[in-house]
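# Close look at the chain arrangement
Here's the letter readout for the chains.
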Amino acid sequence: MEKTTLQVTGMTCGHCEKAVKNAILSVEGVSEVNVSLKDGKVEVGHDSTKAPIKKLKEAVEDQGYDVE
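Anyway, here's the lowdown on the structure attached to this text.

Rules of the game
Residues numbered from 1 in each chain as written. Predicted model: local features only at pLDDT ≥ 70, side-chain atom pairs only at ≥ 80, totals over all residues. Heavy atoms only, no water. Helix = DSSP H or I, 4+ residues; strand = E, 2+ residues; numbered from the N terminus. Buried < 20%, exposed > 50% of the residue type's maximum accessible area, 1.4 Å probe, protein only. Polar contact = N/O pair within 3.5 Å; in protein donor to acceptor, adjacent residues only side chain to side chain. Contact = heavy atoms within 4.5 Å. Core = buried A, V, L, I, M, F, W, Y, C linked by side-chain atoms within 4.5 Å.

### Quick word on the side chain of Thr-4
Take Thr-4: it is sitting in strand β1 (residues 2-9). Exposure remark for Thr-4: the relative accessible area of 8% places this residue in the buried category. At 2.7 Å, the side chain of Thr-4 and the side chain of His-46 are in polar contact. Among all residues touching Thr-4, those that are not within four sequence positions of it are Val-42, Glu-43, Val-44, His-46 and Ile-53.

### So, the nonpolar core
Formed by 20 residues in total, the largest nonpolar core has its most connected members in Ile-24 and Val-42. Elements with a minimum of two residues in this core: β1, α1 (14-25), β2 (30-36), β3 (41-46) and α2 (53-61). Residue contributions to this core peak at five residues, all from α1. In this view, Val-42 contacts Thr-4, Thr-5, Leu-6, Val-8, Met-11, Val-20, Ile-24, Val-33, Asn-34 and Val-35; residues no more than four positions away in its chain are not counted.

And the structure:
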């Protein structure tokens, strides 16, 4: 399992946090997601062969947030 930290901009509330978390959890191969609304950081535990970083970013961006 690989750990990746994404810097996400545009999250302003608990609903944003939940939307990002649920979007990433819906990607096959993701086992763990921790969102820090204050820091704009999302830590993801994932199998990089099933859930590459590109797919994680797309899941977040599909919810309307930007990944730096």
